[in-house]
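# Fold and geometry: a report
Given next are the chains, with one letter for each unit.
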Amino acid sequence: MFGPAQRDGGPELVQLLTPEGERVHHPEFDLDFGAEELRGLLRDMVLTRRIDTEATALQRHGELGIWAQLLGQEAAQIGAGRATRPQDFVFPTYREHGVAWCRGLDPLRLLGLFRGVDHGDWDPAEFNFNLYTIVIGAQTLHATGYAMGMQRDGVVGTGDPDRDAAVLAHFGDGASSQGDVNEAFIFAASYNAPVVFFCQNNQWAISEPIERQSRIPLYQRALGFGFPGIRVDGNDVLATYAVTRAALQRAREGQGPTFVEAYTYRMGAHTTTDDPTRYRLSDDVEHWKLKDPIARLEVYLKRNGLADDDWFADLAAEADALGHTLREGCKALPDPQALAMFDHVYAEEPPELTRQREAYADYLAGFETAGGAA
């Protein structure tokens, strides 16, 4: 079942750029990518990887409490993120740093959550990008409900490309085993909701391999719920972009949900508290290093004369500047006020919460009094 063909995604895998950097074509999902667009996609992936490596280093130095790495999944995130339109709405997990980048979110704002100074300080309505969801799979229900709301707002299937909108819901292969995800599939199918379920199948649900989660390829599960599924090479930013763009357009037109399985691999740990060497073979990691999403597009650009040495040098300098900004900015993030935990819990604060706030304020004041007496 999970032999060499399955390990590489199988013959059903949609691919436009091979691991060797060769451009191939697909009868249904082929697109013409211009040189500027290709360079832009590579820039996004390189800077997203720098965000990830800097945040990992910050955690190792004690500046972040934890970090959810995306190493190796840059193409899946950038391809999907760039396929969205401004009016679309994205529901992430806690790992979609590349998608956040595509939606215009300052990456420094992501670090506050992992530093523990806020719960995510951006306004989802400003970027049409929801706050990170820590509860595994819960965001797929939120996404489906939001998509159903879009239907009722009359922004689906109008034929106006500046008005029609869809929802992009991210989750991982491990989350596909959650009840919330399956319930979201049922509601989305029943109401023909304009949502694209985008699964980054990175082969591991923390320490559990994909073959223990499903006896069939994940994308085929969609058929059981009554909507199409497709598997794309998640390390191929061109294919990921093309497939996600088509799925989102289908949703905007009122044709309902699609399941996109981005077949990729988690090169790093699940989070910085995880040690993947305890449960996976180094041979698998070495196998997937040869499929690196950044390296394959870089090779394609160089081989075809679409980017020169000066362009790559400028990109490296931009990445270094971003790294410096993140390091200094993270250390400068202000600590929250203790009583801030009571803010924004309810639109109208109930009396019980007010009493709790006052009691906690008195408790904190006791430390100040004791300190002054000493």
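Residues numbered from 1 in each chain as written. Predicted model: local features only at pLDDT ≥ 70, side-chain atom pairs only at ≥ 80, totals over all residues. Heavy atoms only, no water.

## Comments concerning the confidence of the model for the protein chain
- Summary statistics for the protein chain give a mean pLDDT of 94 and a share of 97% for residues scoring 70 or more.
- A low-confidence stretch, residues 1–5 stays under pLDDT 50, and its non-local contacts, those more than four residues away or across chains, total eight contacts. (pLDDT = per-residue confidence, 0-100. Contact = heavy atoms within 4.5 Å.)

## Brief notes about the sheet that holds strand E6 (residues 229–233)
- The five strands lie next to each other as E1-E2-E3-E7-E6, forming an open sheet whose pairing is parallel. At either margin of the open sheet sits one strand with a lone partner, and together these are strand E1 (89–91) and E6. On average, adjacent strands in this sheet sit at an angle of 20° to one another, irrespective of strand direction.
- Pairing of E1 with strand E2 (residues 167–172) involves three bridges; the strand directions are parallel. What sits directly across from Val-90, in E2, is Leu-168. (Pairing = 2+ DSSP bridges. Helix = DSSP H or I, 4+ residues; strand = E, 2+ residues; numbered from the N terminus. Axes fitted to C-alpha atoms, helices over the stretch in contact; angles between N-to-C directions.)

## Here's the deal with the packing of helix H2 (residues 35–60) against helix H12 (residues 293–303)
- Their axes nearest at 10 Å, the elements H2 and H12 cross at an angle of 145°. Of the two possible hands of crossing, H2 and H12 adopt the one that is left-handed. Packed against H2, whose contacting residues are Leu-38, Arg-39, Leu-41, Leu-42, Met-45, Val-46 and Arg-49, the element H12 presents Pro-293, Ile-294, Leu-297, Glu-298, Tyr-300 and Leu-301 at the interface.
- The class makeup of the residues in the contact of H2 with H12 is ten nonpolar, no polar and three charged. (Left-handed = near helix turned anticlockwise from the far one by under 90°. Nonpolar A, V, L, I, M, F, W, Y, C, P; charged D, E, K, R; others polar.)

## Here's the deal with H2
- Taking 1.5 Å per residue as the helical rise, H2 with its 26 residues ought to reach 38 Å, and the 38 Å between its terminal C-alpha atoms agrees with that figure.
- Remark: Gly-62 follows H2 within two positions and exhibits a positive phi of approximately 85°. (Expected span 1.5 Å × (residues − 1).)

## Structural notes on a nonpolar patch on the surface
- Taken together, the side chains of Ile-186, Phe-187 and Tyr-191 make up a nonpolar region of the molecular surface, amounting to roughly 300 Å² of accessible area.
- With respect to the helices and strands, the residue Phe-187 is situated in helix H8 (residues 179–190). (Patch = residues over 30% accessible without salt bridge, like charges linked within 9 Å, V, L, I, M, F, W, Y side chains within 5 Å. Areas by Shrake-Rupley, 256 points an atom, 1.4 Å probe, with all protein chains shown as cover. Salt bridge = Lys/Arg side-chain N within 4 Å of Asp/Glu carboxyl O.)

## Points about the packing of helix H5 (residues 107–115) against helix H13 (residues 309–331)
- Where H5 contacts H13, the two axes come as close as 10 Å, and the packing angle between them is 40°. Compared by their axis directions, H5 and H13 come out oblique. Handedness of the crossing formed by H5 with H13: right-handed. For the pair H5 and H13, contact is made by Pro-107, Leu-108, Leu-111 and Arg-115 and by Leu-322, Leu-326, Gly-329, Cys-330 and Lys-331, respectively. (Parallel < 35°, antiparallel > 145°, perpendicular 65-115°, else oblique.)

## Notes on the pairing of E2
- The element E2 is largely enclosed, with a buried count of five among its six residues.
- For the crossover from E2 across H8 to strand E3 (residues 195–201), the handedness is right-handed. (Buried < 20%, exposed > 50% of the residue type's maximum accessible area, 1.4 Å probe, protein only. Right-handed = clockwise from strand over helix to strand, strands pointing away.)

## Thoughts on the nonpolar core
- Formed by 66 residues in total, the largest nonpolar core has its most connected members in Leu-111, Phe-129, Tyr-132 and Leu-297.
- A total of nine residues in this core trace back to one element, the largest contributor, which is helix H10 (residues 237–252).
- Excluding residues that lie within four positions of it along the chain, Leu-297 makes contacts with Leu-17, Leu-38, Leu-41, Leu-42, Met-45 and Val-237.
- Membership of the second largest hydrophobic core comes to 27 residues, among which are Ala-175, Val-181, Phe-197 and Tyr-219. (Core = buried A, V, L, I, M, F, W, Y, C linked by side-chain atoms within 4.5 Å.)

## Remarks on the pattern of salt bridges
- Across all of its chains, the model carries 23 salt bridges by this definition.
- The residue Arg-252 makes a salt bridge to Asp-88 at a minimum N-O spacing of 2.7 Å. You can see Arg-252 sitting in helix H10 and its partner Asp-88 sitting in the loop between helix H3 (74–82) and E1, a full 164 residues away along the chain.
- Given the relative accessible area of 2%, Arg-252 is considered buried.
- The shortest N-O distance in the salt bridge between Arg-357 and Asp-343 comes to 3.3 Å.

## Some thoughts on the side chain of Asp-88
- Note on Asp-88: relative accessible area 0%, which makes it buried.
- Aside from chain neighbours lying at most four places away, what touches Asp-88 is Arg-103, Asn-128, Ala-165, Ala-166, Leu-248 and Arg-252.

## Side note on the pairing of E6
- For E6, the buried fraction is high: four of the five residues fall into the buried class.
- Relative to strand E7 (residues 258–263), E6 runs parallel, the two being bridged by five bridges. In the sheet register, Gly-229 faces E7, and the bridge partner there is Phe-259.
- At this point the chain moves from E6, through H10, to the parallel E7, and the crossover so formed is right-handed.

## A closer look at unusual backbone geometry
- The phi torsion at Gln-203 lies on the positive side, around 80°, for a residue other than glycine.
- By secondary structure assignment, the location of Gln-203 is in the loop between E3 and strand E4 (204–205).
- Backbone geometry places Ile-206, a non-glycine residue, at a positive phi of 55°.

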